[in-house]
Amino acid sequence: MAVAISSGKLVIETSQNSKFENLQLLLTNHVQSYYLNKEVLSVEDDAVNYRFTLDLAQTLSAMVDDQQLDDVATKFTMMHQYTYTDETTGEVREYDRSLRIPVRREWQLANVERFWDAEHSHYLQPYVTKKNALAFLLDRELSLKHYVNYKVIRKIKVQEDRVAFEGFFDTLFFPLADCRMAIVERSGEKTYQRSFEYHSVETKYSRIYRYAYKIELTMAELSDYLKQLDQSNELSLDLFFIGHLAGTDAPLKFRIGNPRFITNYTMKGELALQDSARKQWLSLVPYFTIKGLNLSFTFNAYQQDAYAYFRAHQHHWRAVAKQAADRDIWIIGERSYKAQDNGFRFFKYLREQHPEVEAYYVIRRDSIERKNVEPLGNVIDFGSAEHFEKVIQAKYICGTHHPDFLYPIRSKSYEQHIHAKRIFLQHGVFGTKNIAPFYGKSVVNGFYTDLFITSSQKEKQIAVSDLGYDDKEVAVTGLARFDSLFKNDLPVKRQLLIIPTFQRGAIGSLTTKFLRRVSI
């Protein structure tokens, strides 16, 4: 089989066993169907060779004229129809199946590229599905990782000035034309790209192209990029492969990740670089994400004195902990720049109602929400020497997210010396949302807590039955911010209040509670 797009036409050359008859090809979404023109190229003893063509301009125009298309109807699959006559009974059987790329026979894919109409306002995106079928999308983008079959990180080595890792990845149907590595600031705009060493590896599958790679990144190389990054918050930097495939114009972009178990288990360390001009240290801590096991870096910048304290004590944390053995230190917070949720409310309660508790709130020095907690006292600058010290000395760490959001650094060599009880205050009523991939007890690279705070008995049941926690590890207290939810700080009006949420499939958890406060 050979498939190509040339001069505005889709051309498919294929053969059919001579036992079958009346072969037709059509492009269909099961609402609209477009038959291809058929031409017999040659007839052999046991097969007939055909060429099928489809005028893409005419087809695209006809598709666009139908204004009733939804997301499902914008996917068109190439089908082949044919008949078979049973020589014994004379029965004629009809077949209607998707046209699949034959993985065990020779085939060619060429110029499988997006086709635009004359006005450049509508397009058809040809592609091959994961099940080898030829298909088209109408005015819809193909997933950037569609042609990625498998990936793995086999080794990773972290040193102070560099990180080196190697592995391989597979592409489906099309070989690589080019590929680059990229570091992308999550939720930001800053990107670093460069070439890397890779070579093809033979596999036994004709539709799979395998590439082995080796990458070494040094802090000296990344210095200029890191100095551009925002330092007002702890950043996550994600690693990608970005490239193009030969034979199609579909772009390629996918995360670097999927470590072998032993690679994931043994990876530890931190990369650091001194920025003398700003009197600070730049730090990268590599980690594998919870849900996708993709490779990322946590980026922080530390003042010179704070980082000097960290380096001076990195082999003596036990002695630091002993200095406060008789003190009851609590570390409380949210994200490093936040003071508005359950962490803030719980800290406020402790400072006002239980001043005998030595509670500290962790927040960045330049956070605009710092003004909420400063009047309460005992505020620690995120990433300061005091922050490094107090986390090691703490008896309890109470946070609204993963406990490591409250750590000054996410290095495993530092975290292994933290012995505080960890309390998960939550940052919203999770209700029936599926949070198991992030907060389940058995999550790989997972979520660690000694006490899970919930807002209701129903939530506790979910935490126990679905998230895997023991009954004694879950408490029903309500959330700390509920204490201030119904204060008379808003006028009651005859109005509707709509609270959007960024969470997929969720309705803002506080919407109903706030609606009770308005007259409708």
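As a reminder, the structure under discussion sits directly above these lines.
Residue positions are counted from 1 within each chain, in the order its sequence is given. Only residues with pLDDT of 70 or above have their local features reported here, since the model is predicted, and side-chain atom pairs are shown and tallied only from 80 upward, although totals for entire chains, interfaces and linings are computed over all residues. Side-chain figures throughout are based on the complete set of non-hydrogen atoms in the structure, without hydrogens or water.

A. Quick peek at the overall build of the protein. Per the convention used, a helix needs a DSSP run of H or I reaching at least four residues, while a strand needs a run of E reaching at least two, with both numbered from the N terminus. On a plain count of helices and strands, the protein comes out with 12 helices and 30 strands. A compact globule built from 520 residues would reach a C-alpha radius of gyration of about 24 Å, whereas the protein, at 30 Å, exceeds it by more than 25%. Seen along its three principal axes, the alpha-carbon backbone of the protein occupies a region of about 95 × 60 × 50 Å. Whether two residues are in contact is decided by their heavy atoms: any pair within 4.5 Å suffices. In the protein, of all internal contacts separated by at least 6 residues, the share reaching a separation of at least 24 is 64%. Positive residues here are Lys and Arg, negative ones are Asp and Glu, while His and the chain termini are left out of the count. Charge positions come from single atoms, namely NZ of Lys, CZ of Arg, CG of Asp or CD of Glu. The protein carries 68 positive and 64 negative side-chain charges, and their two centres are separated by 6 Å. Each radius of gyration is computed over the set of C-alpha atoms, and the globule rule expresses the reference value as 2.2 Å times the number of residues to the power 0.38.

B. Region of interest: the environment of Ala212. Mapping Ala212 onto the fold places it in strand E18 (residues 208–218). Linking Ala212 and Phe169, residues 43 residues apart in sequence, is a C-alpha distance of 6.7 Å. Discounting chain neighbours no more than four positions away, the residues touching Ala212 are Gly167, Phe168, Glu197, Tyr198, His199 and Val201.

C. Just a positive patch on the surface, in detail. Only residues whose relative accessible area exceeds 30% and that take part in no salt bridge are eligible for patches, with like-charged residues grouped when within 9 Å of each other and nonpolar side chains (Val, Leu, Ile, Met, Phe, Trp, Tyr) grouped when within 5 Å. Per-residue and other accessible areas were derived by the Shrake-Rupley procedure at a 1.4 Å probe size, with only the shown protein chains allowed to occlude residues. What makes a salt bridge here is a side-chain nitrogen of Lys or Arg within 4 Å of a carboxyl oxygen of Asp or Glu, nothing more. Taken together, the side chains of Lys75, Arg100, Lys131 and Arg140 define a basic patch exposed on the protein surface. Position of Lys131 relative to the elements: it lies in the loop between strand E11 (123–128) and strand E12 (134–138).

D. Geometry of the packing of aromatic side chains. Put simply, two rings from Phe, Tyr or Trp (the six-membered ring, in Trp's case) pair if the centres are within 6.5 Å, and we call them stacked under 30 degrees between planes, edge-to-face over 60, tilted for the rest. According to the stated counting rule, one finds 38 aromatic pairs in the structure shown. Aromatic pair Phe310 and Tyr414: ring centres 6.3 Å apart, planes at 65°, arrangement edge-to-face. Taken as a pair, Phe310 in helix H4 (residues 304–313) and Tyr414 in helix H9 (residues 412–415) lie far apart in primary sequence, 104 residues in all. Of the two residues, Phe310 and Tyr414, both sit in the buried class. In this scheme, a residue with accessible area under 20% of its type's maximum is buried, one over 50% is exposed, and one in between is partly exposed, where area comes from a 1.4 Å probe on protein chains only.

E. Layout of the pairing of E12. Counting buried residues along E12, 5 of its 5 residues qualify, which places the element largely inside the surrounding structure. One requirement defines pairing of two strands: DSSP has to find at least two bridges between them. Inspection of the sheet shows strand E7 (residues 75–85) paired to E12 by 3 bridges, in the antiparallel sense. Its bridge partner being in E12, Phe76 is matched across the sheet by Phe136. Pairing analysis gives 5 bridges linking E11 to E12, with the strands arranged antiparallel. In the sheet register, Val128 faces E12, and the bridge partner there is Leu134. Between the antiparallel neighbours E11 and E12 lie 5 residues, among them Asn132 with a positive phi of about 75°.

F. Seen up close, helix H11 (residues 457–465). Considered for burial, the residues of H11 that qualify are Glu459, Lys460, Ile462 and Ala463. End-on, the buried residues of H11 take up no more than an arc of 160°, which puts them together on one face. Among the exposed residues of H11, those oriented more than 90 degrees off its buried face are Lys458, Gln461 and Ser465. Its buried side turned inward, H11 meets strand E29 (451–454) and strand E30 (474–476). Here the arc refers to the set of directions running from the helix axis out to each C-beta atom.

G. Inspection of the sheet that holds strand E17 (residues 197–201) at higher detail. Pairing in this open sheet of 4 strands is antiparallel, and the strands run E13-E14-E18-E17 from one edge to the other. Edge strands, defined here as strands with exactly one partner in the open sheet, are strand E13 (148–158) and E17. The sheet shows a mean angle of 15° between the axes of neighbouring strands, direction not considered. When strand E14 (residues 162–172) meets E18, the two strands line up antiparallel, connected through 11 bridges. Directly across from Phe169, in E18, lies its bridge partner Tyr211. Fitted lines through C-alpha atoms serve as axes, helices being fitted only where they are in contact, and the angles separating the N-to-C directions of these axes extend from 0 to 180 degrees.

H. Layout of the packing of H4 against helix H8 (residues 385–393). Contact geometry for H4 and H8: axes closest at 7 Å, N-to-C directions at 35°. Two secondary-structure elements touch here, H4 through Ala306, Tyr309 and Phe310 and H8 through Ala385, Phe388 and Glu389.

I. A look at the pattern of salt bridges. Across all of its chains, the model carries 27 salt bridges by this definition. Across the salt bridge formed by Glu160 and Arg311, the nearest N and O atoms sit 3.1 Å from each other. In this pair, Glu160 is assigned in the loop between E13 and E14 and Arg311 in helix H4, connecting sequence segments 151 residues apart. Of the charged contacts in the structure, one is a salt bridge between Arg278 and Asp275, with a shortest N-O distance of 3.7 Å. Judged by relative accessible area, Asp275 falls into the buried class, the value being 3%. The network of salt bridges with common partners includes Arg365, Arg370, Glu374 and Asp381.

J. Here's a closer look at the pairing of E14. Here E14 lies mainly inside the structure; 8 of its 11 residues are buried. Direction of pairing for E13 relative to E14: antiparallel, over a ladder of 9 bridges. What sits directly across from Lys157, in E14, is Ala164. Taking the residues between adjacent antiparallel strands as the criterion, E13 and E14 are bridged by 3 residues.

K. Region of the structure containing the layout of surface pockets. Residues are called lining when one of their atoms sits within 4 Å of a cavity or pocket point, these points coming from a 1 Å grid over the protein atoms alone, where a cavity is a set in which a 1.4 Å probe fits but cannot get out and a pocket is an open set with protein on both sides within 12 Å along at least five of seven lines. Grid points are joined across faces, edges and corners, and a volume is the space filled by probe spheres set on the points. For the second largest pocket, the calculated volume is near 470 Å³. Put simply, the parts of the chain that give the lining of the second largest pocket at least two residues each are strand E2 (9–17), strand E3 (20–28), strand E6 (47–55) and E7. Counting residues per element, the lining of the second largest pocket draws most heavily on E2, which supplies 5 residues. Residue type decides the class: Asp, Glu, Lys and Arg count as charged, Ala, Val, Leu, Ile, Met, Phe, Trp, Tyr, Cys and Pro as nonpolar, and the leftover types, Gly among them, as polar. Of the residues in the lining of the second largest pocket, the class split is 9 nonpolar, 7 polar and 4 charged.

L. Inspection of unusual backbone geometry at higher detail. Phi is positive for His120, close to 60°, though the residue is something other than glycine. With respect to the helices and strands, the residue His120 is situated in the loop between strand E10 (115–116) and E11. Although it is not a glycine, Leu293 adopts a positive phi angle of roughly 50°. Mapped onto the elements, Leu293 comes out in the loop between strand E22 (280–288) and strand E23 (295–303).

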